[in-house]
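# Examination of the molecular architecture
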Amino acid sequence: MTESNTDNKPGLFIRRLENLDAAGRARLKRNAGRGLAEARDVVGLFYSILPSGVDAWDVDRYFLLATLYPLAAGGGSGSFGNSLRMIRNDSNSKGLDRRVEHLLDADREQLPFRLRQSLHYLQGQRGSVAWQRFLADLLAWDHPARRTQRRWAEDY
């Protein structure tokens, strides 16, 4: 069987990220917020973990996730909105609410920066991310109905 018959591409990609050594994760982390075209010292590594058959249109989203992956722990559940809700408390609610609003309004160009900021904050608060769900949501970010943004807002 080929890998596409035995695994879904997002799940396989996350497993490959999980199996990277510290040096590989550090190389990806140094590129957080950059697009694949601006990437330095990581293109070969990225393509070695990218499952075959990923649509060319989606490669940039996979790269974005790969560079964000080292920023926060996995093991979360639900959407990224849920992850952010789990760290919300009385002392951070005002700032976090504003951060989530900016994230939900982010367009394609702003998204990497907003996500990087949010993941740094989440990690600082000891939050976690459901990475496979996160990737699925990134792949749907530009949908005209803004389903990802709506789900994150509802979950937050």
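Scroll up a little and you will see the structure.
Below you will find a few notes about this structure. Note that the structure is a prediction, hence the values are computed from the model and not measured.

Under the definition given, this model contains 7 salt bridges. For Asp 41, the salt bridge goes to Arg 27, with nearest N and O atoms at 3.7 Å. Taken together, the residues span a long stretch of sequence, with Asp 41 in the loop between α3 (22-29) and α4 (43-49) and Arg 27 in helix α3 at a distance of 14 residues. A salt bridge links Asp 97 to Arg 88; the shortest N-O distance between them is 2.8 Å. The exposure class of Asp 97 is partly exposed, given its relative accessible area of 22%. Residues joined by salt bridges that share partners form a network here, namely Arg 61, Arg 108 and Asp 142.

What follows covers the nonpolar core. Counting residues in hydrophobic clusters, the biggest one holds 43 residues, and the most contacted among them are Phe 13, Leu 17, Phe 80, Leu 115, Leu 119 and Phe 134. Residue assignment for this core shows that the elements contributing at least two residues are α2 (9-18), α4, α5 (59-68), α6 (80-87), α7 (93-104), α8 (111-124) and α9 (131-139). Of the residues forming this core, the biggest block, 7 residues, is contributed by α5. Aside from chain neighbours lying at most four places away, what touches Leu 119 is Leu 68, Leu 71, Ala 72, Phe 80, Val 129, Trp 131 and Phe 134.

Calculation notes
Per-chain numbering applies: the sequence of each chain, read as written, is numbered from 1 onward. Only residues with pLDDT of 70 or above have their local features reported here, since the model is predicted, and side-chain atom pairs are shown and tallied only from 80 upward, although totals for entire chains, interfaces and linings are computed over all residues. To get the side-chain values, all heavy atoms of the structure are used, and hydrogens and water are removed first. Throughout this description, the term salt bridge denotes a Lys or Arg side-chain nitrogen within 4 Å of a carboxyl oxygen of Asp or Glu. Strands here are runs of E lasting at least two residues and helices are runs of H or I lasting at least four, both read from the DSSP assignment and numbered beginning at the N terminus. Each residue is placed in one exposure class: buried if its accessible area under a 1.4 Å probe, protein chains only, is under 20% of its type's maximum, exposed if it is over 50%, and partly exposed if it falls in between. Among buried residues, those of type Ala, Val, Leu, Ile, Met, Phe, Trp, Tyr and Cys that are joined through side-chain atoms within 4.5 Å constitute a nonpolar core. Any two residues having at least one pair of non-hydrogen atoms within 4.5 Å are treated as being in contact.

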